[in-house]
Amino acid sequence: MFVLAELKDTVRIAPELFNLKLPEAIKDEVNRKLANKVLLNVGLCIALKDIVKLGDSIILPGDGASHTEVNFRYIVFRPMIGDVITGKIRSCSREGVHVTLGFFDDILIPPSALQHPSRFEEAEQAWVWEYPLEDGKKHDLYMDIGESIKFRVSGEVFEESSPIGPPDQEVAGTGTASSTSTSATTADANKTPYRIMAAINESGLGLLSCKKWSAGNGDEFVVW
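Just so we're clear, the structure is a prediction, and the values are computed from it rather than from any experiment.

Visitor: Before we move on, can you summarise the overall build of the protein with the specific residues and values?
Guide: Along the protein, the regular secondary structure elements total 2 helices and 15 strands. The contacts in the protein between residues at least 6 apart in sequence include a share of 62% that link residues at least 24 apart. For the protein, the accessible surface area stands at approximately 13400 Å², while carbon and sulfur atoms represent 52% of it.

Rendered as structure tokens:
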């Protein structure tokens, strides 16, 4: 679920960092710029792996910093479709089950990808798997916050968001804030740049506290 992305960037090193060796200064600056950030169609940046190539360093007129073109490899979190991962339930909503890995929270198991039949309990704010018993009755298995859950990656969604500007900018000549600009800024702020879609509606997946076993005669039973 972690991959190496080959990237290229022009890195600015401020004069106060000139006492450091160039590779060390570039490493610190690249990590400061990219760590824990999402790159569109690349993934969540974790840490710099290594520097592949350093170009010439130049100083631009009016700027005392050095600018160096750098080719480097970066460790990125971007699981493959079909990968099986274990996380913990962060919350539940009508949208589905929200899962966290600790360092990445934007994982969603939609209702259609839960075990069937399942229902959402408003009072408990939890999804419930109605596991069928041999006598025709059902046993409710609650997907509670903090429970460990094993899921399969079924898709990914990248969203590009615009830079967020100063809020409540006034419309020239009116002295009032532009509602269109404000609503657009709010919409961009609420965008999730990278989401993972997941599924647990197949054998071997779901809550780790609930395991399905085979009796060897074709019968199956669940142990909690």
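From this point, the narrative continues.
Visitor: For the nonpolar core, give the residues involved together with the corresponding values.
Guide: Counting residues in hydrophobic clusters, the biggest one holds 30 residues, and the most contacted among them are Val 97, Ile 107, Ile 109, Met 143, Phe 151 and Ile 200. Listing elements by their share of this core, those giving two or more residues are strand E5 (84–93), strand E6 (96–100), strand E7 (107–109), strand E9 (126–132), strand E10 (138–143), strand E11 (148–158) and strand E12 (194–199). The contact partners of Ile 107, leaving out residues within four places of it in the chain, are Val 97, His 98, Val 99, Leu 101, Phe 151, Ile 196 and Ala 198. Listed in part, the 14 residues of the second largest apolar core include Ala 5, Val 11, Leu 34 and Cys 45.

Visitor: Please provide a residue-by-residue account of the side chain of His 67, values included.
Guide: Within the element layout of this structure, His 67 appears in strand E4 (residues 66–77). Here Asp 63 takes part through its side chain, which lies 2.9 Å from a polar atom of the side chain of His 67. Not counting residues up to four positions away in its chain, the partners in contact with His 67 are Thr 10, Val 11, Arg 12, Asp 56, Ser 57, Ile 58 and Leu 60.

Visitor: Which residues make up unusual backbone geometry, and what values go with them?
Guide: With omega at -5°, the peptide bond leading from His 116 into Pro 117 counts as cis. Counting through the fold element by element, Pro 117 comes out in the loop between E7 and strand E8 (118–121). Residue Asn 41 is not a glycine yet carries a positive backbone phi of 60°. Along the polypeptide, Asn 41 turns up in the loop between strand E2 (38–39) and strand E3 (43–59). If you check the backbone angles, Gln 125 has positive phi at about 50° while not being a glycine. Within the secondary structure layout, Gln 125 lies in the loop between E8 and E9. Overall, Gln 125 belongs to the partly exposed group, its relative accessible area being 38%.

Visitor: Tell me about the sheet that holds strand E1 (residues 2–13), and name the residues and values.
Guide: The strands making up a sheet associate through hydrogen bonds between their backbones, and the pairing can be parallel or antiparallel. Spatial strand order, E1-E4-E3-E2: 4 strands in an open sheet with antiparallel pairing. Here the strands that pair on one side only, and so sit at the sheet edges, are E1 and E2. Looking at chain direction, E1 and E4 are connected through 12 bridges and run antiparallel. Looking at the pairing, Leu 7 lines up with Phe 72 of E4.

Criteria and thresholds
- Residues numbered from 1 in each chain as written.
- Predicted model: local features only at pLDDT ≥ 70, side-chain atom pairs only at ≥ 80, totals over all residues.
- Heavy atoms only, no water.
- Helix = DSSP H or I, 4+ residues; strand = E, 2+ residues; numbered from the N terminus.
- Contact = heavy atoms within 4.5 Å.
- Areas by Shrake-Rupley, 256 points an atom, 1.4 Å probe, with all protein chains shown as cover.
- Core = buried A, V, L, I, M, F, W, Y, C linked by side-chain atoms within 4.5 Å.
- Buried < 20%, exposed > 50% of the residue type's maximum accessible area, 1.4 Å probe, protein only.
- Polar contact = N/O pair within 3.5 Å; in protein donor to acceptor, adjacent residues only side chain to side chain.
- Pairing = 2+ DSSP bridges.

Interpretation note: all reported values are geometric properties and have no functional meaning in isolation.
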